[in-house]
Amino acid sequence: MKPKELDVTGKEVFIIDDIIATGGTIIEATRILKSMGATRVYAIATHCLLLNMADSRMLEAGVSSITCSNTIPTKYTEVYVNQSVIKALRGLDCVSAF
């Protein structure tokens, strides 16, 4: 992972990802962003597996907060996608149970 040409000095940064499994990518990105002057780094993901205490390691690395959807319920679940999934399923020709 290489630092990008971004000016994050004094700014809050949101990392949005599809999956947080071990947290390695978020941890490394957070370290880079903090070294570039970011004041806070927030991690947001659709699916949070949080394997091997990934949440603790991310917070120790300087992540200010973790926000996840309820596709995999965790203590960080704040986004509920139930209705969106049901609506999408209803639009499929092959699904009639919803």
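Check the entry above for the structure.
Here is what the cut-offs are and how they apply
Residues numbered from 1 in each chain as written. Predicted model: local features only at pLDDT ≥ 70, side-chain atom pairs only at ≥ 80, totals over all residues. Heavy atoms only, no water. Helix = DSSP H or I, 4+ residues; strand = E, 2+ residues; numbered from the N terminus. Buried < 20%, exposed > 50% of the residue type's maximum accessible area, 1.4 Å probe, protein only. Pairing = 2+ DSSP bridges. Right-handed = clockwise from strand over helix to strand, strands pointing away.

What about unusual backbone geometry?
Piece 1. Positive phi values are uncommon outside glycine, yet N52 reaches one of about 50 degrees.
Piece 2. Topologically, N52 is positioned in the loop between strand 2 (40-48) and helix 2 (54-60).
Piece 3. When its relative accessible area of 64% is taken as the criterion, N52 is described as exposed.
Piece 4. In this structure, M53 takes a positive phi of about 60 degrees despite not being glycine.
Piece 5. Summarising the element assignment, M53 is placed in the loop between strand 2 and helix 2.

Some points on the pairing of strand 3 (residues 63-69)
Piece 1. Of all the 7 residues making up strand 3, 5 are buried; the element is thus mostly covered by neighbouring parts of the structure.
Piece 2. In this structure, strand 2 lies alongside strand 3, joined through 5 bridges in parallel fashion. Bridge pairing in strand 3 places V41 opposite V63.
Piece 3. Following the backbone out of strand 2, through helix 2 and into the adjacent parallel strand 3, one traces a crossover that is right-handed.

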